Each structure stands twice: as structure tokens, then as C-alpha cells.
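Inside the fold
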Amino acid sequence: MRKSKKYVGMPVISLAEGQQIGTVKGLVVDPIQKKVAALIIEQKGWFKEQKFAPYGKVCSIGKDAITIDQSTHVEKGASLPEILKLYKEKLNLIGCRVMAENGTHLGIVDEYFVEENTGAIVGLELSGSLLDSFMKGRVFLDISFTRTIGKEMVVTSNEAIDNLVKVDGGLQETVKTFKNSTSQFLENTLQKTKEISSKTKEELESKTKELGNLTKDLGESLNRQLDKVRGKDRSEPVEDPVVVQDLPPEAARGEDNELTRAKPTEDKVEVVDLPPEAQLTREEEQAGETNESAVKNGDETEVKAEDPSADKK
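Across its full length, the chain carries five helices and 14 strands. Put simply, the chain has 313 residues, and 24% of those count as buried. Residue pairs at least 24 apart in sequence account for 50% of intrachain contacts in the chain once pairs closer than 6 positions are excluded. Accessible surface, the chain as shown: approximately 24400 Å² in total, 52% of it carbon and sulfur.

Next comes the structure, spelled out in C-alpha cells:
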């Protein structure tokens with residue numbers, strides 16, 4: 001199912017020639033059959049010629065283009081008298097008023113839907129006046145409830161009044177929906193915020209408690225280590241061992257004993273007479289000194305010691 005306005009502007013491609021024949025300019029509606037009879041094709045070039053492609057000749061209605069078997073299926077109006085007659089009647093569903101048999105005005109045709117394979121019209125999209133449509137939105141009416149499709153008006157059965165399907169709520173419905181959704185969103189947001197806040201508070205308190213316990217344990221462990229270093233472990237006090245031994249008897253002294261200093265020792269000098277041979281006369285000492293002086297001066301003359309006893313003889 002596709003809206004009629006979606007056909008306009010689509011390129012028409014010939015499968016046999018592999019080329020674009022033209023673009024869709026509009027649709028020709030058969031009000032009796034309640035279907036699209038043909039596509040109005042506008043060709044390119046200086047001398048534009050309007051042609052028609054019967055809907056039965058259409059191979060496929062694709063997303064981006066419409067395809068037909070060959071370009072000869074696109075013909076001039078003179079070759080298609082029935083289609084040309086419908087075209088000249090200038091029947092345009094869009095803009096027609098829709099009235100029920102009992103005289104109830106249902107709205108204005110804003111759009112109609114086409115079954116792509118057969119070209120049958122399956123429904124009408126109705127709206128009120130411009131302001132009313134803007135405020136209240138649009139509705140869908142199945143084509144089976146229509147009796148007559150005319151140039152100016154579409155007549156429906158009375159059952160159509162109870163079979164209108166709302167397709168667009170309009171501004172009022174949009175505002176109401178937005179208000180409800182916004183309120184629900186704010187309520188959900190507040191609830192989520194409250195839950196997150198409560199969870200964050202609990203986690204923060206738990207982490208703070210854990211941190212406090214860890215700090216306390218660390219402080220106690222540090223104090224124990226410091227006490228051990230100082231030799232004052234509070235948990236297991238250590239006392240320095242002191243061994244008291246009795247003194248030997250010889251070291252014991254009476255209370256009345258007093259320490260006395262030993263008497264000083266005097267050096268004794270003993271004088272011993274030298275033997276006769278160790279004594280020298282004055283003359284021998286002088287003779288010795290003379291000999292030493294002669295040796296120092298390099299005198300080769302022998303110095304003979306005079307015998308003192310010879311002089312005496």
C-alpha cells in the first residue's frame with residue numbers, strides 16, 4: 001500500500017530498452033472501479049508530450065522507480081480513449097469533501113492509498129479544516145464504506161461514521177501524549193535518582209567504615225612495631241635479665257677494713273770502686289786526644305805514646 005503522492009516524481013524505466021522513458025506527473029482515477037486507471041507520464045525534451053501508461057502495463061512499483069516491459073506501453077491519449085476521457089473529467093480525489101448518507105460531514109480527503117500490484121484504492125485519509133486538522137489530527141476510512149466518488153464530493157454510508165480510524169492525534173493529542181510521557185519520564189527520572197542516591201549513600205558509608213577499620217588496624221600495627229623497636233611491646237613486656245652472684249670469700253671485706261696505700265719504695269744506689277786498670281791518668285787522656293786529632297788531619301806521622309813512667313826514671 002502506497003500513498004498517491006508517493007507516485008509523483010518517480011522515474012519510469014523500460015526494461016526492454018534499459019532507459020528512462022519519463023517521470024510520473026500524476027494519476028488518472030476511475031471513480032466507478034475505485035482504482036487508478038493509468039499513470040500520467042511526462043517525457044523529457046524540448047517538445048514535451050504528455051503520455052499515459054495504463055496501470056495494467058506496469059511491471060513493478062519499486063522503492064526508487066517504476067518499471068514497464070517496453071516503451072511502447074507508454075502511449076498518447078488518442079490511443080487510449082477511455083483513459084483520455086477520465087483524464088479530461090479532471091477528477092481529483094484530494095480536496096473532495098466526504099459526506100455520510102445522513103448528511104454528516106466527515107471531513108476532507110487529504111490523501112488516498114493505492115494497492116501497488118492492482119492499482120485499487122484501498123482507503124481515504126480524511127482531515128477537517130486546516131485549523132481543525134492541526135488540532136485534532138486525521139482519520140482513515142476504508143474504501144468499502146464509500147458509495148460514490150464524484151468531482152466535488154465523496155458520499156459514504158452511515159456506517160462510515162463509526163468506522164473511522166484515528167491515524168494522527170493532532171496537536172492536542174500530541175501535547176497530551178507529550179505531557180503524559182514527560183510526566184512519566186520525570187517520575188522515572190526522580191525514582192532512578194532517588195535509588196542511585198540511596199545506593200551511593202550506602203556504598204559511601206560502607207567504604208568509609210571499611211576505610212576507618214583499615215586505618216585503625218594500620219595504626220595499631222604501626223604502634224606495635226614501634227614498641228618492639230623500643231623494647232616496650234605492650235602485648236608481651238620484656239624485662240632485662242639481671243643475675244646476682246655472690247662474691248668469693250677472698251673478695252669479701254669487713255666493714256671496718258680500710259684501703260691503705262702501699263709505702264713508697266726507695267731506690268738504693270751502691271758505689272763500687274773501679275779497678276786500677278780502669279783508671280787513666282790525665283796524661284793518657286791527653287795523649288789519646290792528640291792521636292785522634294792527628295788521624296783527622298791526615299798526618300801520617302806516628303804518634304808514639306810516651307810512657308809516663310820513663311820520664312819519671
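Structure shown, so let's carry the discussion forward.
This next bit is on the sheet that holds strand 7 (residues 66–68). Across the sheet, which stays open at both edges, the six strands sit in the order 5-4-3-2-7-6 with mixed pairing between neighbours. With partners counted over all chains shown, the strands left at the sheet margins are strand 5 (50–54) and strand 6 (58–61), one partner each. For this sheet the average axis-to-axis angle between neighbouring strands, irrespective of direction, equals 35 degrees. Two strands pair when backbone bridges link them, and strand 3 (residues 19–30) and strand 4 (residues 35–42) are joined in this way by seven bridges, in the antiparallel orientation. Across the sheet, residue threonine 23 finds its bridge partner in strand 4, namely glutamate 42.

Attention now moves to the packing of aromatic side chains. According to the stated counting rule, one finds three aromatic pairs in the structure shown. Note on phenylalanine 113 and phenylalanine 140: the rings are 5.6 Å apart at their centroids and 65 degrees apart in plane angle, and the pair reads as edge-to-face. You can see phenylalanine 113 sitting in strand 9 (residues 105–114) and its partner phenylalanine 140 sitting in strand 11 (residues 138–142), a full 27 residues away along the chain. Each of the two residues, phenylalanine 113 as well as phenylalanine 140, counts as buried.

Sheet analysis places strand 8 (residues 97–100) next to strand 9, joined by three bridges and oriented antiparallel. Residue pairing in the sheet places valine 98 in a bridge with glycine 107 of strand 9. Counted between consecutive antiparallel strands, the loop separating strand 8 from strand 9 contains four residues, among which glycine 103 sits at a positive phi close to 90 degrees.

Of note, lysine 34 is a non-glycine position whose phi angle comes to about 55 degrees, a positive value. Position of lysine 34 relative to the elements: it lies in the loop between strand 3 and strand 4. Unusually for a residue other than glycine, lysine 90 sits at a positive phi of about 55 degrees. Inspection of the secondary structure assignment puts lysine 90 in the loop between helix 1 (81–89) and strand 8.

Cut-offs applied
Residues numbered from 1 in each chain as written. Predicted model: local features only at pLDDT ≥ 70, side-chain atom pairs only at ≥ 80, totals over all residues. Heavy atoms only, no water. Helix = DSSP H or I, 4+ residues; strand = E, 2+ residues; numbered from the N terminus. Buried < 20%, exposed > 50% of the residue type's maximum accessible area, 1.4 Å probe, protein only. Contact = heavy atoms within 4.5 Å. Areas by Shrake-Rupley, 256 points an atom, 1.4 Å probe, with all protein chains shown as cover. Pairing = 2+ DSSP bridges. Axes fitted to C-alpha atoms, helices over the stretch in contact; angles between N-to-C directions. Phe/Tyr/Trp six-rings, centres within 6.5 Å; stacked < 30°, edge-to-face > 60°.

Shape is all these values report; function is a separate question.
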